[in-house]
Every structure is written in structure tokens, then in C-alpha cells.
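# Per-entry structural report
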Amino acid sequence: MKQKYTDSLFSFIEASPTPFHAVENMRRSLQENGYVQLLESGEWELKAGGKYYVIRNGSALIAFRIPAGTFRGFQIMASHSDAPCFKIKENPEIKTDDYYVKLDVEKYGGMLLAPWFDRPLSVAGRLVVKDKGMLKTHLVQMDRNLVLIPNLAIHMNREANEGYKYNVQKDMLPLYGTELSKGSLKKQMAEAAGVCEEDILGSDLYLYNRMPGSVWGAQEEFISIGKLDDLECVYASLQAFLMAEDGESIPVHCVYDNEEVGSGTKQGAASTFLKDVLTRICESFGGNASMYRRLLASSFMLSADNAHAVHPNYPEKACPTERPYLNRGIVLKYSGNQKYTTDAVAAAMFRQICESVDVPCQVFTNRSDIAGGSTLGNISGTQVALNCADIGLPQLAMHSPYETAGGQDLEYLIRAAQKFYECSVEETGCGEYCLKGCS
Ligand code: ZN
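A short tour of the structure in this document, coming up.

Rules of the game
Residues numbered from 1 in each chain as written. Predicted model: local features only at pLDDT ≥ 70, side-chain atom pairs only at ≥ 80, totals over all residues. Heavy atoms only, no water. Axes fitted to C-alpha atoms, helices over the stretch in contact; angles between N-to-C directions. Helix = DSSP H or I, 4+ residues; strand = E, 2+ residues; numbered from the N terminus. Parallel < 35°, antiparallel > 145°, perpendicular 65-115°, else oblique. Left-handed = near helix turned anticlockwise from the far one by under 90°. Contact = heavy atoms within 4.5 Å. Nonpolar A, V, L, I, M, F, W, Y, C, P; charged D, E, K, R; others polar. Phe/Tyr/Trp six-rings, centres within 6.5 Å; stacked < 30°, edge-to-face > 60°. Buried < 20%, exposed > 50% of the residue type's maximum accessible area, 1.4 Å probe, protein only. Lys NZ or Arg CZ within 6 Å of the ring centre and 35° of its normal. Disulfide = S-S within 2.5 Å. Pairing = 2+ DSSP bridges. Donors = N, O, S within 2.8 Å, 3.2 Å for Na, K, Ca; no water. Tetrahedral: all angles 85-135°; square planar, octahedral: opposite > 155°, others 65-115°. Salt bridge = Lys/Arg side-chain N within 4 Å of Asp/Glu carboxyl O.

### Things to note about the packing of helix 8 (residues 344-356) against helix 10 (residues 407-422)
Between helix 8 and helix 10, the shortest axis-to-axis distance is 9 Å and the interhelical angle comes to 115°. Looking at the two axes, helix 8 sits roughly perpendicular to helix 10. Crossing hand, helix 8 versus helix 10: right-handed. Across from Ile353, Cys354 and Ser356 in helix 8, the residues of helix 10 making contact are Ala416, Lys419 and Phe420. A breakdown of the residues in the contact of helix 8 with helix 10 according to their chemical character gives four nonpolar, one polar and one charged.

Below, the structure is given as C-alpha cells:
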């Protein structure tokens, strides 16, 4: 059975081929709901009851709402806008065999390469153009099947099914057209964005998968679409944030960029973006450094990034004791070396929130002989240190351009995240906490 939020999630992801588009779609939702954009270069005069958002680089966004009464801390849910894909180079067109024109690309993030073959792809991103003495950013999305990476026929590589090591420079360049189209990509981008080709001074363009979302399985219990990691958490966080009632803390919807390449940019989790915004909120209400630290001590963060479910064909790849499955609830992620921030305190807080709204939780830990990945929480914690739980929704085929998850789990996350945004944490003693608004 198709679940409540599936269509809306698919619409959001299909309209978000790049982080720039994801942020623009969130910006629109926030505007429609009465949120006011703040510029980092401007003065902020925040008011009790006010609703605000800040965008950095067009690809990371932080939204927050000031309660009408006093506030005790921040309830922050962080996710990321980017996904592994191919970045198109500055002068990408390559004529080959005096006939074909293909595009030169490089990897963005660590992805499964094989599923990118033999499926319609297109190009999206942003252009920066000169405009009457100014520089302006335009989003661009070629909303049609434009390029494809064709496989080599089995007849020409009989060992293809014995395991093949892909070379991105050799194997992964998408076919764009024939000699008739040489030199036309930039022009097409300019036309799609409604600007003059010669005014384009900068661009960030990426390939994206055109395949729409699907609901499938014996009971239609599974969903598949690209970028579930991590736009599913981004979408859930935003919906929950918008629906949540005011509590005694400031709810913060935080979406970083560049998680897939190590978070080390000005808009990534390692940057000062979150710290800058929280500090300025504090200052805007007359707070000093001491107040900021007290607020953080009564705050709680969720680092929301999807998790690996047990794979039906590779059950041995999962930890023998922690076995997350699709449609069995939100996953709390643990790591002995603290790549995930979840500890006893953060887990207890999150479980109490989930219990209060009847949402099931599962646990993910890597097999003890597999290193696993990292995510936002511990990186963001070097800038803003506070109690944090790493969570995510269980999924299969992470970092394929077409990923799979459980239809029911999204609703679980939205329900739990809404409660998370409504409650607040009070530190009542050493190792003692009270979750207000959540019993
Ligand atoms: Zn992720």
C-alpha cells in the first residue's frame, strides 16, 4: 500500500537534482509558511515568535523558529543535501573517432559506478552570470533525457561478469551527441537558464539520474528513487519542522552540503555555519558567550543520515547481532570509534522521544571487521559540541543512483522528528536530564 508521504517525497527528490535545487525547494516551502530569509551579511533583528532561515552557498540551509516565550536550548536536526554523482568539467566536450561528442566528468563522492550505465541521464546545477555590473546565480536543470553512459557489449568484454574495475576517465564518460552538436552544451545551459551564453562566468554542473521514483513489492512496501541518502532525511526533517508546535526550545532544521566529500567546505558540517547561526540567535536576544554555552548544555541534536539495512542477498555483511530491516523503524547508529555520536545518554533521549509517539527503533553497528562510513554528527560536533544521536532510515544500495527503502519508515521519522522539535532538554544534574514535553 502506498504510504502517506511517498508521492510528496518523490516530488521533492525529482525536483532536486542537485543540492542547489534541494535548497531552492526548501526555500519555497519556508516562504510559503511565512519564514523570513536572513542574509549572513546583514543585521539580524530576531523577535520572539519569529520564523527565519539562512542559506549559505545556495546549497546549505538552516531554518529556525523563536518560541513566543523564553527558550531553554536548541533542538537541532541535521541532514545533508548532496549525493554522490558526476561533476562535469569546465570544458567538457570531447570529440571522439571524429564523430561522437562525449562529456568529460569526474567523480563527486564515493558511488557505485555500475548502475550509472545504460539509463537516461541529464545535467543540472547552477550558473553564475554577469548582469548589469553584478554577478547573479541561476539554477539550471535540463528536464529531458540528454546524455547516457553506454556499456561495452558482452561480446567485446567476455569477462565483464567476472568482475571489472571501472576507470572513470575511460569507462564513465557520457555520450552527448554527434559532431553536429560539438560546442553546444554551454549554449543549451544558457537557453535553459534564460541567460546569454557569453555572460556565464562560472558554473557547477552535475549529471543526474532521470528515473522517477517507484513503489514496488508484493504489498507495495518498498520505495526506490535516487538520493534517498540523504534527501529522505532532509524531507522528513523539513516536514516535521513545519508541523511541530512551539515548545520551550528553538527548533533548528539544518541541512549541510558536501557530506559525501568529507564536509570540509564553508557549507559543510565541519564549517562554522551552524555555530555562526546559533551564536547570532543568542546575541540577538542579548546573550553572551556564557548564555550560548548554557543553551548548548540544554540542547539536543539528531544527525540524520540513512543507514544500511540487512541485504537479502548478503545477510552476512551485517553485524551478527544488530540487524536493521526495511519498514521496522528508525535506526540508531553506533560506532565504537565514535564515527557515530550515539552514546547511552543520546540513545536514551531519542528512545524516549520515539516511545512517546509509538515509533519503533532499530540499531545499526558495523561488523567488527568492517570500517564503515562516517557522517555529520561527529564532524559538526567539533564546531558545536552537544548531546547528539546519529540516526537514519534503513535502506539498500546506498550510493547507487537508484536506492531502495521502506515506505513505512518515512512516516515513522516524520512523527518522531516532529516530537523531537517540540520537546526540550533540561540538564537537572550530572548525568540527569529531563525531556520536557515528552513523557
Ligand atoms: Zn548520507
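### Focus on the packing of aromatic side chains
By convention here, two paired aromatic rings are described through the distance between centres and the angle between planes. One pass over the full model with this rule turns up 15 aromatic pairs. Relative to Phe64, the ring of Tyr52 lies with its centre 5.6 Å away and its plane at 35°, an arrangement referred to as tilted. Residue Tyr52 is located in strand 2 (residues 51-56), and its partner Phe64 is located in strand 3 (residues 60-65); the two are separated by twelve residues in the primary sequence. A centroid spacing of 6.5 Å and a plane angle of 70° characterise the contact between Tyr340 and Phe364, whose relative ring orientation is edge-to-face. Placement of the pair is Tyr340 in the loop between strand 16 (330-333) and helix 8 and Phe364 in strand 17 (residues 361-364), with a sequence separation of 24 residues. An identical accessibility class is assigned to Tyr340 and Phe364; each is buried. Joined through ring pairs, the aromatic side chains of Tyr35, Phe241, Phe300, Phe420 and Tyr421 make up one cluster. Positioned above the aromatic ring of Trp44 is the side chain of Arg280, whose terminal nitrogen or guanidinium carbon lies 4.1 Å from the ring centre.

### Side note on the state of the cysteines
Following the criterion strictly, the structure yields zero disulfides and no others. Of all cysteine sulfurs in the structure, the one in Cys254 sits closest to Cys282, which takes part in no disulfide; the separation is 17 Å. Taking relative accessible area as the criterion, Cys282 reaches 1% and is therefore assigned buried.

### Considerations on the pairing of strand 5 (residues 85-96)
In the sheet, strand 5 pairs with strand 6 (residues 100-108) via eight bridges, with the strands oriented antiparallel. What sits directly across from Glu93, in strand 6, is Leu103. With antiparallel pairing between neighbouring strands as the criterion, strand 5 and strand 6 make up a hairpin whose turn holds three residues, including Asp97 at a positive phi of roughly 55°.

### A few points about the coordination of the zinc ion
Coordination of the zinc ion by the protein comes from His80 (NE2), Asp229 (OD), Asp305 (OD) and Asp305 (OD), over a distance range of 2.0 to 2.7 Å. Its four donor atoms give the zinc ion angles of 54 to 144° at the centre, a pattern that matches the irregular case.

### With respect to the side chain of Ser79
Relative to the assigned elements, Ser79 resides in strand 4 (residues 74-80). Other than its neighbours up to four places away in sequence, Ser79 contacts Asp230, Cys233, Val234, Cys254, Val255, Tyr256, Ala304 and Leu376.

### Quick notes on the pattern of salt bridges
For the coordinates displayed, the defined rule picks out 19 salt bridges. Salt-bridge contacts for Arg56 lead to Glu40; the nearest nitrogen and oxygen are separated by 2.7 Å. Highlighted residues: Arg56 in strand 2 and Glu40 in the loop between strand 1 (36-38) and strand 2, separated in sequence by 16 residues. Among the salt bridges present, the one from Asp131 reaches Lys132, with a minimum N-O distance of 3.7 Å. Its relative accessible area of 21% is what places Asp131 among the partly exposed residues.

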